[in-house]
Every structure is written in structure tokens, then in C-alpha cells.
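One letter stands for each residue in the lines below.
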Amino acid sequence: MKIQFLGHSCFYLEENNFKALIDPFMTGNENCPLSPDDFSSITHIFVTHGHGDHLGDTIEIARKTNSMVITNYEIACFLGTKDITTHPMHIGGRTSFDFGVVKMTPALHGSSIETTEGMLYGGNPCGFVIKIGKNTIYHAGDTGLTMDMKLLERENIDLALLPIGGNFTMDIEDASLAVDFIKPKKVIPMHYNTFPLIKADPEKLKTQTSSEIIILNPGETYTI
């Protein structure tokens, strides 16, 4: 599976006919080297919560590519009013798709959606455990450290995508505890250095965990 980091919490995943984006925040993300125009054949989009730096360019890309958006029920209802195909889930739900299996996991955060008419309720924020073939990936979404992460050890995570920027999410200290709880084989840090408030040095995570830490610059790709 090919995994491309696009800055902040945005990733592109590709395996055979499965071509997906997670939290496609590109427009307004100065660290992202690509734009929505660079994606013409997306099959799925995963959205962890409603904040603009995660919902991002979902509407534009989903309309252009006719992709399915997998997200919580409330955001799915909102996107449904935009003539977008969705698959609603909620915390703890596990569903089989043609590409594999998805489980929606808890995240400690907010999930409001900003519109011209004001704020909309965006349901519970979440993360995703995505199993495709022999690989299991965990995208934590925006979250603080939680004891629920201990339950993820039984998922046998091959690659965990974890926030480290602090202020709005876990910082490096708490992310290292999350790694101890989850016990993934490998970790890619995310949600840092996009804004001054979430400045962090991902190299520090390497000294605090036993899992392999893979640091990607925006645009770089890793294959598992």
C-alpha cells in the first residue's frame, strides 16, 4: 500500500483500485504540495470531524470524482444535502467494504461545521482503523490521549498516524504514551507545524517510543 503525507492530517492511500484521501485539507494548507485538481480518480474520502482543516476540500473532490465519503452520521447528513455519496458510521461501528474493513474509533475533540449560516453540529469526532489486505492502518484524527487507545492493541496496527502538535491534540509526550498503549509496528506523526500553535519536532518522538517512527515531509510517500 502506498501512503502519501500531504501535510497536517491529510493522507492519500492507494492499493490497487482503492484510492482514498483522509481529511483532505489542501486549500489553505501552505504545507500541502498538491491541490484538489491533482486528484481525479479518488474512490473514497475519510473525514474524522467537521473542522475546516479536516473536512477541507471534501465537497469539491467528492463531487468531481463521485467518491464515497465515510464519516459520522451527522457529517454524512450535511454532505448528503450537497449531493455527495456517503456512508455514515459511528463510534465502535465496524463495516466491510469492497476494499476491506473499517472501524470507527473514539477521538477526544470537537466537530463543528462552519457554514455561511453559522455553526452546525458535526457529531462525534473520530478516528479510523482501516484494514486493507494484509495491512491495518490507524488514523487517530484529532484527539487527546485516552485510555481507550489501550483497546487498539488487539487490532494489531501495522501503521499508526498520530497527532503530535499539542494545544488542540496530543503533544509528543502524550503521543509516546499512545504508542505504548496501541503498540503499532510503525508510526507516522501528523498534525504539527501547520500553524505556530502546533509547532513540534517529530524527531523527539523517536527517542520516546519503541515503535519505528517514520517522519515524512509533505508530499513524501511511504510503502508498506
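Residues numbered from 1 in each chain as written. Predicted model: local features only at pLDDT ≥ 70, side-chain atom pairs only at ≥ 80, totals over all residues. Heavy atoms only, no water.

**Quick notes on the nonpolar core**
Counting 27 residues, the largest nonpolar core has Phe 11, Leu 13, Phe 46, Phe 99, Val 102, Phe 128 and Ile 130 as its most contacted members. Listing elements by their share of this core, those giving two or more residues are strand 1 (2-5), strand 2 (11-15), strand 3 (18-22), strand 8 (101-106), strand 11 (126-132), strand 13 (159-163) and strand 14 (186-190). Broken down by element, the residue count for this core peaks at four residues, all from strand 11. Among residues more than four places away in sequence, those in contact with Phe 128 are Phe 46, Val 47, Thr 48, Ile 70, Thr 71, Val 102, Lys 103, Met 104, Thr 105, Ile 137, Tyr 138 and His 139. Formed by 21 residues, the second largest nonpolar core is a distinct cluster that contains Tyr 138, Ile 157, Ile 172 and Val 179. (Core = buried A, V, L, I, M, F, W, Y, C linked by side-chain atoms within 4.5 Å. Buried < 20%, exposed > 50% of the residue type's maximum accessible area, 1.4 Å probe, protein only. Helix = DSSP H or I, 4+ residues; strand = E, 2+ residues; numbered from the N terminus. Contact = heavy atoms within 4.5 Å.)

**Here we look at the packing of aromatic side chains**
Counted by the stated rule, this structure contains six aromatic pairs. An angle of 35° between the planes, with centres 5.0 Å apart, marks the rings of Phe 5 and Phe 11 as tilted. Across the pair, exposure class does not vary: Phe 5 and Phe 11 are buried alike. Ring plane angle 70° and centroid distance 5.2 Å describe the contact between Phe 46 and Phe 128, whose orientation is recorded as edge-to-face. Here the residue Phe 46 occupies a position in strand 4 (residues 44-46), and Phe 128 occupies one in strand 11, the gap between them amounting to 82 residues. The same class applies to Phe 46 and to Phe 128, which are both buried. An aromatic cluster of at least three residues, connected via ring pairs, comprises Phe 18, Phe 46, Phe 97, Phe 99 and Phe 128. (Phe/Tyr/Trp six-rings, centres within 6.5 Å; stacked < 30°, edge-to-face > 60°.)

**Side note on the pattern of salt bridges**
Counted by the stated rule, this structure contains six salt bridges. Here Arg 94 ties to Glu 155 by a salt bridge, and the two come within 3.4 Å at their closest N and O atoms. Here Arg 94, found in strand 7 (residues 94-96), pairs with Glu 155, found in the loop between strand 12 (135-139) and strand 13; they are 61 residues apart in sequence, far enough to count as distant. When its relative accessible area of 44% is taken as the criterion, Arg 94 is described as partly exposed. Its relative accessible area of 5% is what places Glu 155 among the buried residues. Glu 155 serves as the salt-bridge partner of Lys 131, at 3.5 Å between the closest nitrogen and oxygen. Of this pair, Lys 131 sits in strand 11 while Glu 155 sits in the loop between strand 12 and strand 13, and the two are 24 residues apart along the sequence. Within this structure, Arg 94, Lys 103, Lys 131 and Glu 155 form a network of salt bridges that share partners. (Salt bridge = Lys/Arg side-chain N within 4 Å of Asp/Glu carboxyl O.)

**Describing the sheet that holds strand 7**
If you walk across this open sheet you meet the seven strands as 7-8-11-12-13-14-15, and the pairing is mixed. Whereas interior strands pair on both sides, the edge strands pair on one side only; in this sheet they are strand 7 and strand 15 (212-213). Across three bridges, strand 7 lies against strand 8 in antiparallel orientation. Note that in strand 8 the partner of Arg 94 across the bridge is Lys 103. Sitting on the sheet, helix 4 (residues 172-182) touches strand 12, strand 13 and strand 14, and the angle it makes with strand 13 is about 155°. (Pairing = 2+ DSSP bridges. Axes fitted to C-alpha atoms, helices over the stretch in contact; angles between N-to-C directions.)

**Structural notes on unusual backbone geometry**
Its identity as a non-glycine residue notwithstanding, His 8 has a phi of 55°, on the positive side. Note on placement: His 8 falls in the loop between strand 1 and strand 2. In this structure, Asn 66 takes a positive phi of about 55° despite not being glycine. Of note, Asn 66 is situated in the loop between helix 2 (58-65) and strand 5 (68-72).

**Focus: helix 3 (residues 73-80)**
Buried within helix 3 are the following residues: Ile 75, Ala 76, Phe 78 and Leu 79. Down the axis of helix 3, the buried side of the element spans an arc of 160°, and every buried residue falls inside it. Where helix 3 is buried, its residues touch helix 1 (52-55), helix 2, strand 5, strand 6 (86-89), strand 9 (113-115) and strand 10 (118-120). Near the N-terminus of helix 3, the side chain that reaches the backbone nitrogen of Glu 74, with its oxygen 3.1 Å away, is that of Asn 72. (Arc of directions from axis to C-beta. Polar contact = N/O pair within 3.5 Å; in protein donor to acceptor, adjacent residues only side chain to side chain.)

**Some words on the sheet that holds strand 4**
Note on sheets: strands pair through backbone hydrogen bonds, and any given pair is parallel or antiparallel. With mixed pairing, the seven strands of this open sheet are ordered in space as 6-5-4-3-2-1-16. Where the open sheet ends on each side, the last strands, each with one partner, are strand 6 and strand 16 (221-223). Direction aside, neighbouring strands of the sheet carry axes that sit 20° apart on average. When strand 1 meets strand 16, the two strands line up antiparallel, connected through three bridges. Counterpart to Lys 2 in the pairing with strand 16 is Thr 223. In the packing of helix 3 onto the sheet, contacts are made with strand 5 and strand 6, and the angle to strand 5 comes to roughly 140°.

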